[in-house]
Structures are given as structure tokens and as C-alpha cells.
Amino acid sequence: MTITKNTQTASPFLTIVCCQHGNEPFGKDIFNLFASQIHEFPGLQLILANEEALAIDKRGVEGDLNRSFPGNQNGNHEARLAYHILPLLQSSRYVLDVHTSVSSCGFLVPIIAKQNASTESIINLLDESNIVLVKPPLADTSLIGNVEGGLSLEFQKTLADERALQTTMNLVRGLYAKTKRPPQDREVFVVTGILPKELLLPPDAKDFTFIPEHNLYPVLLKEASYMGNQGLMATEKYNVHI
Ligand SMILES: [Zn+2]
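Every value quoted in this text rests on a predicted model; they were computed, and no experiment measured them. (Residues numbered from 1 in each chain as written. Predicted model: local features only at pLDDT ≥ 70, side-chain atom pairs only at ≥ 80, totals over all residues.)

Caption draft 1: Geometry of the overall build of the protein chain. Helix and strand content of the protein chain: five helices and 10 strands. Rg of the C-alpha trace for the protein chain: 17 Å, near the compact-globule value of 18 Å for 242 residues, within the 12% margin. Principal-axis analysis of the C-alpha atoms gives the protein chain an extent of 55 × 45 × 30 Å. Counted over contacts in the protein chain with a minimum sequence separation of 6, partners at least 24 positions apart contribute 71%. (Helix = DSSP H or I, 4+ residues; strand = E, 2+ residues; numbered from the N terminus. Rg over C-alpha atoms; globule rule 2.2 N^0.38 Å. Contact = placed C-beta atoms within 7 Å.)

Caption draft 2: Representation of the sheet that holds strand β3 (residues 44-48). With mixed pairing, the 10 strands of this open sheet are ordered in space as β1-β3-β2-β4-β7-β5-β6-β8-β10-β9. Each end of this open sheet is capped by a strand with a single partner; those strands are β1 (2-5) and β9 (217-219). Averaged over all adjacent pairs, the angle separating strand axes in this sheet is 30°, with direction ignored. Here strand β5 (residues 108-112) pairs with strand β6 (residues 130-134) via two bridges, running parallel. Note on β6: the bridge partner recorded for I111 is V132. (Pairing = 2+ DSSP bridges. Axes fitted to C-alpha atoms, helices over the stretch in contact; angles between N-to-C directions.)

Caption draft 3: Representation of helix α3 (residues 77-89) within the structure. When the terminal C-alpha atoms of α3 are compared, their 19 Å separation across 13 residues agrees well with the 18 Å that a helix rising 1.5 Å per residue should span. All of the buried residues in α3 are E78, L81, A82, I85 and L89. As for α3, its buried residues are in contact with β2 (14-18), β3 and β4 (94-101). (Expected span 1.5 Å × (residues − 1). Buried ≥ 20, exposed ≤ 12 C-beta atoms within 10 Å, placed from the backbone.)

Caption draft 4: How the structure looks around the domain arrangement of the protein chain. Domain boundaries in the protein chain define domain 1 (2-185) and domain 2 (192-241). The C-alpha centroid of domain 2 is placed 23 Å from the C-alpha centroid of domain 1. Counting from both sides, the interface comprises 13 residues of domain 1 and, opposite them, 13 residues of domain 2. (Domains from an automatic or database assignment.)

Caption draft 5: Seen up close, the nonpolar core. With 64 residues, the main nonpolar core has I16, C18, A49, V132 and V191 as its most contacted residues. Taken domain by domain, the makeup of this core includes at least three residues from each of domain 1 (2-185) and domain 2 (192-241). Other than its neighbours up to four places away in sequence, A49 contacts M1, V17, C18, C19, Q20, L65, L81 and I85. (Core = buried A, V, L, I, M, F, W, Y, C linked by C-beta atoms within 7 Å.)

Caption draft 6: Region of the structure containing unusual backbone geometry. Of note, the amide linkage connecting F69 to P70 takes the cis form, showing an omega dihedral of 5°. The backbone of K178 shows a phi angle near 55°, a positive value even though the residue is not glycine. Relative to the assigned elements, K178 resides in the loop between α5 (162-176) and β8 (185-194). Positive phi, close to 65°, is recorded for F208, a residue that is not glycine. By secondary structure assignment, the location of F208 is in the loop between β8 and β9. Judged by C-beta crowding, with 18 C-beta atoms within 10 Å, F208 ranks as partly exposed.

Caption draft 7: The pairing of strand β10 (residues 232-241), seen in detail. Where β8 and β10 come together, nine bridges link them in antiparallel fashion. The partner of D185 across the bridge, within β10, is H241. For β9 and β10, the ladder comprises three bridges, and the chain directions are antiparallel. The partner of P218 across the bridge, within β10, is M233.

Caption draft 8: Structural view of the packing of helix α1 (residues 26-35) against α5. Packing of α1 against α5 leaves a shortest axis separation of 11 Å and a crossing angle of 50°. By the angle class used here, α1 and α5 are oblique. In this structure, α1 crosses over α5, and the sense of that crossing is right-handed. In contact with F26, D29, I30 and L33 of α1, α5 contributes A164, L165, T168 and M169. For the contact of α1 with α5, a count of residues per class yields six nonpolar, one polar and one charged. (Parallel < 35°, antiparallel > 145°, perpendicular 65-115°, else oblique. Left-handed = near helix turned anticlockwise from the far one by under 90°. Nonpolar A, V, L, I, M, F, W, Y, C, P; charged D, E, K, R; others polar.)

See below:
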């Protein structure tokens, strides 16, 4: 794990966690981008999380870091990493957790585990109208489920390029400037579990589109990284104006 910090504030204002998953090297581009401009962002903390997994281009070394929180000092590599990362996040006002997805999820899917003033401030600065809210028990072992103002940015891997870097930069600049944009109508998809691989989905199944025969909305469909399953499963949605 590498930590780069702007120490102009006593506690971090924003922490950006990159590369929880070692096969998502876009996170390192984000880390490098902000590390090169860290003097501009008082209280910015950058964490390059799973460098051992990054070195071998694997999701994890012994497990999945984003399923290992709150962590265990005596556990496997990812459990120990989670144990060391979590205290670094506790006093941070905002936490952004950068991922890429191999699913056809569209440019960006914002994921939260709690809807509160901090996560709403982040969402307000994003253009996306579909928001994902992950519920326990899934949320309990995720990074964002263990902090207050946490949001995961899930970029579609094939679209994680200059535009994704720019989107993240604009978001961070907006948080620092305390920008409030006019609220927009959005839908929050409540994820209550993983789509089991045995579940036979219609061939035209699509992210955020209701499948009546199974009474669910697929989310990050065909993201096989979820332990060989088919993605996430939302079972309800609600409207917000954020
Ligand atoms: Zn990931």
C-alpha cells in the first residue's frame, strides 16, 4: 500500500482509494494524476491499495479486498490490508473508491452504501441518473459500507480513459469548491444480493431494466468477478431529487 497525503489539514478532507482490485489499473492512473497535483488539494489523501495484486494483474492475492472489510489483523493478505486501510478513512469527510467494470454498465455507475448528506453532495456533482445503493450483508464487507461519506465510482473498463480522468477531476474540484448544482431526478437501485450464476436470464437482459419473471433489476451484469456470478441484483428502486 502506498499513501500520498497533502497534510495542510489535520484530518483528510477527501480520500481517494485506488486499486482495491489489482486487475483494474485505471485506478493507478487516477492515483498518478492526483499525486502530481496534490499541492492543490489541502487534506487530499491518496491510497494505492492492493499493490501486490496490481503487480500480478489479479483481482486479489488471496481474496477480494472489497469483500474483506472491516478487516482482520491476522487474516489473509486482503483482510490484513482492509484492517490497515480502514483507520485511514475514519476521519475523512469524503471517500471515493475507484473501480472499473468489465460489464456493459455504461460510462459510470455511482455506488453508495448509505444515503446521507455527504454521499448526496458527491452524487449532486455527477451527471448519472442511475445510482446504486448496496444494502447489508453485501455492504458490510465493502469499503464504502464501513465509512460515512463513501462512494464507489465504477467506470466501464472500455470507457475508462481521458474522459473518466476528467470526470473524476471535475468531481474532486467540485467537492473542494463546495459546488451545489441544481438537483436532478435520479433513480436509486437497491442492491440486496448477487445474481447467482444458475439464474437463467433472458438474452436481452440489461442493466437497470426490470426482469419481471425474476422480479429484479440486474446491475453490473456479466461482471463475472463477483465470485463467478453474473453481477449484482437490485430488488427495488426509488426516486430521489439530488
Ligand atoms: Zn473493482
